[in-house]
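# Observations on the model geometry
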Amino acid sequence: MTFIKISELNPKKMPSPDIETAYQAWGVWCNGQPMPKWNNTDLFDIPARLIPYTAVLDVVNNPLDFVYRFWGTSLANIHHKEMKGHSVNDISPHEIAQNAKKAYNEIWQQAKPSIRSHSYVWQDEDAIEDFILRLPISDNGKDVDKIITIIDTPVQYAAYQESLNKPPEAHC
């Protein structure tokens, strides 16, 4: 995988209706606070087609790390690995782990949502763009202790990934 460009987007101009719905759900969960508490969140408020592309991370301190508590089924298919209970450092390829850890660190420090566009080439295919929404969660109202990551991935990429998991057709 080769990253071509990572761009921060304006949350007031969401790139897809489903990402906008997820962002609005986070706002409702906040209930007037800067960030919602974990027990105020409900992943079923996120559009159903995005849940398989959703991850939830626990922020671990001393040393700082980000450990997956939930890893959507489509993410497991894409990465060929279940990441629940694993550190972001365990993602492969390493380039994705580095970019994700940097983004999680920014959410942890800034305590505000982020929406980014990622453009990249996957296995010599045409450039693919997806959108990643990261949402901070805080049980004490000031320190980020969880991060929800939601990926809106293009249909062609999802279809491509599904094709990798299908056995080849038999021909006589």
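Data block above holds the structure.
The structure presented is a predicted model; accordingly, all values stated were derived computationally and were not measured. (Residues numbered from 1 in each chain as written. Predicted model: local features only at pLDDT ≥ 70, side-chain atom pairs only at ≥ 80, totals over all residues. Heavy atoms only, no water.)

### A closer look at the overall build of the protein
For the protein, the helix and strand inventory stands at 4 helices and 6 strands. Within the protein, the fraction of its 172 residues that count as buried is 46%. In the protein, 53% of the contacts between residues at least 6 apart in sequence involve partners at least 24 apart. Carbon and sulfur atoms provide 51% of the accessible area of the protein, an area that totals close to 9600 Å². (Helix = DSSP H or I, 4+ residues; strand = E, 2+ residues; numbered from the N terminus. Buried < 20%, exposed > 50% of the residue type's maximum accessible area, 1.4 Å probe, protein only. Contact = heavy atoms within 4.5 Å. Areas by Shrake-Rupley, 256 points an atom, 1.4 Å probe, with all protein chains shown as cover.)

### Section: the pattern of salt bridges
Close approach of charged atoms lets side chains of opposite charge pair. Evaluated as defined, the whole model comprises 7 salt bridges. As a salt-bridge pair, lysine 146 and aspartate 145 come within 3.9 Å of each other at their nearest N and O atoms. Three or more residues are tied together by salt bridges with common partners; here these are Asp58, Arg69, Asp139, Asp145 and Lys146. (Salt bridge = Lys/Arg side-chain N within 4 Å of Asp/Glu carboxyl O.)

### Remarks on the side chain of threonine 54
If you trace the backbone, threonine 54 turns up in strand E2 (residues 54-60). Accessibility expressed as a relative area gives 1% for threonine 54, which makes it buried. At a separation of 2.8 Å, a polar atom in the side chain of threonine 54 contacts the main-chain carbonyl oxygen of leucine 50. (Polar contact = N/O pair within 3.5 Å; in protein donor to acceptor, adjacent residues only side chain to side chain.)

### Some points on the nonpolar core
Ranked by internal contacts, the top residues of the largest apolar core, which has 41 residues, are Tyr68 and Ile150. Secondary-structure elements contributing two or more residues to this core are helix H1 (17-30), E2, strand E3 (65-71), helix H2 (73-79), helix H3 (94-110), strand E5 (127-137) and strand E6 (146-152). A per-element tally of this core places H1 first, with 6 residues. (Core = buried A, V, L, I, M, F, W, Y, C linked by side-chain atoms within 4.5 Å.)

### Observations regarding the side chain of threonine 149
Position of threonine 149 relative to the elements: it lies in strand E6. A distance of 3.5 Å separates polar atoms of two side chains, one belonging to threonine 149 and the other to tyrosine 104. Excluding its chain neighbours within four sequence positions, the residues that come into contact with threonine 149 are Tyr53, Thr54, Ala55, Leu57, Tyr104, Ile132, Leu133 and Arg134.

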